[in-house]
Amino acid sequence: MRFSKLFTIHALIAIAGASAASFSGASAFEFSRQSVAFGPRPSGSEANRKLQAYIAAELQKDGCELSDDSFTARTPKGPIAMKNILCKFAGKSGKAIAITGHFDTKLFPGRHFVGANDGGSSTGLLLELAHALAHQPRVDDVYIVFFDGEEATGEWTDSDSVYGSKHLAMRWRQDGTARKIKALINVDMIGDKNLNIKPEPTSSASLIRLVWGAAADLGYSRSFIDDSLPIEDDHLPFLKIGVPSIDIIDFDYAPWHEDDDTMDKLSAKSLEIVGAVMLESIKRLEQSPSK
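Here the structure is a predicted model, which means the values were calculated and not measured.

**What to know about the overall build of the protein chain**
- Regarding its fold elements, the protein chain presents 9 helices and 6 strands.
- Radius of gyration (C-alpha) of the protein chain: 17 Å, near the 19 Å computed for a compact globule of 291 residues.
- Overall size of the protein chain, expressed as C-alpha extent along the three principal axes, is 60 × 40 × 35 Å.
- Here the protein chain holds 291 residues, and the buried ones make up 57% of them.
- Of the roughly 11,800 Å² that the protein chain leaves accessible, carbon and sulfur atoms contribute 53%.

**Quick word on the pattern of salt bridges**
- Within the structure shown, the criterion is met by 11 salt bridges.
- When the shortest N-O distance is used, the salt bridge between Arg138 and Glu286 registers 2.8 Å. With Arg138 in the loop between helix 4 (116-133) and strand 4 (141-147) and Glu286 in helix 9 (residues 268-287), this residue pair connects regions lying 148 residues apart in the sequence.
- With relative accessibility at 5%, the residue Glu286 sits in the buried group.
- One salt bridge connects Arg284 with Glu280, and the closest N-O pair in it is separated by 2.7 Å. Taken together, the residues span about one helical turn, with Arg284 and Glu280 both in helix 9 at a distance of 4 residues.
- Its relative accessible area of 23% is what places Arg284 among the partly exposed residues.
- A single salt-bridge network, built from bridges that share partners, covers Asp217, Glu280 and Arg284.

**Description of helix 3 (residues 46-60)**
- Its 15 residues give helix 3 an end-to-end C-alpha distance of 21 Å, which sits within 8% of 21 Å, the value for a rise of 1.5 Å per residue.
- Along helix 3, the positions that sit buried rather than exposed are Ala47, Asn48, Leu51, Gln52, Tyr54, Ile55, Glu58 and Leu59. Down the axis, helix 3 shows its buried residues gathered within 165° of arc, on one side only.

**Comments concerning unusual backbone geometry**
- At His135, a position not held by glycine, the phi torsion is positive, near 60°.
- With respect to the element layout, His135 can be found in the loop between helix 4 and strand 4.
- Residue class for His135 comes out exposed when judged on its relative accessible area of 69%.

**Description of the state of the cysteines**
- According to the stated counting rule, one finds 1 disulfide in the structure shown.
- Here Cys64 is linked by a disulfide to Cys87, with a sulfur-sulfur distance of 2.4 Å. On the sign convention where negative means left-handed, the S-S torsion of about -135° between Cys64 and Cys87 marks this disulfide as left-handed. Placement of the pair is Cys64 in the loop between helix 3 and strand 1 (65-75) and Cys87 in strand 2 (residues 78-89), with a sequence separation of 23 residues. You'll find Cys64 and Cys87 in the same group, each marked buried.

What counts, and where the lines are drawn
Per chain, residues are indexed from 1 in the order of the written sequence. It should be noted that, the model being predicted, local features are given only for residues of pLDDT at least 70 and side-chain atom pairs only at 80 or more, the latter also being counted only at that level, while totals for whole chains, interfaces and linings use all residues. Each side-chain value is derived from all of the structure's non-hydrogen atoms; neither hydrogens nor water enter the calculation. Strands here mean DSSP runs of E at least two residues long; helices mean DSSP runs of H or I at least four residues long; both are numbered from the N terminus. Note on method: radius of gyration uses C-alpha positions; expected globular size equals 2.2 Å times residues raised to 0.38. Burial status follows relative accessibility: with a 1.4 Å probe on protein chains alone, a residue under 20% of its type maximum counts as buried, one over 50% as exposed, and anything between as partly exposed. For the area figures, the Shrake-Rupley method with a 1.4 Å probe applies, and any residue is considered shielded solely by the protein chains shown. When a carboxyl oxygen of Asp or Glu is within 4 Å of a side-chain nitrogen of Lys or Arg, the pair counts as a salt bridge. Take the residue count of a helix, subtract one, and multiply by 1.5 Å to get its expected span. Taking the helix axis as origin, the arc is that swept by the directions to the C-beta atoms. Note on terminology: disulfide denotes any pair of cysteine sulfur atoms within 2.5 Å.

Structure (structure tokens):
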């Protein structure tokens, strides 16, 4: 990354609210730890492929509709095979909500960059979110999407970055899925012990209000603060095709792209805060009118 049949729907909302599972920060932290244990995971690497298999195996336990979005990216370092992983919990409304994040790490030749926060925290949070959503009735389809290729292969540019989200946005625009999406919420670098998430100003204003409102009502205003910070991230390709989208990121993180971005910098509590806000945001979006 760089500095949008009535009774049945209402009944499903009530059932989902009554039976909703809680989000475990400890479990999200463990999922992050397991992901980071694969080591550096740049796109196209063996470690990246092993992490893909781990993510898919964990998602299969949650009973979602599992699919992948494989493609070959043209990068400054040549063609690189990449794969997005999609987990879908089917609803009844014909509309959809997507919660997304990346699992790859930045390529730093000759270094040991494991990206605990930058790649690991989003992976762990999404895996636990899928677990929390599993085996519940849904109003809207809910997609949990793991992006490959968020990181640039060299210096960040418009053409060398967010490969996975660009590819899925193009696919969803072509197959009509994009028209069904009420909201896309992207999470990135959300495990920092000192959690300070600022609204990203190019994000959809309605989603900023919804997510920050959910955080305030849950008592997490100290972690979701008001100072804005523009960030280029995986939400942008979807904004460009008209999907209401938002980036949830704590970019105030000293070890960003440093080799000491390690698990000791992460907090299960921070992951639990963001996970709880994601669950509440999904609930509010399912209760909201269709896009």
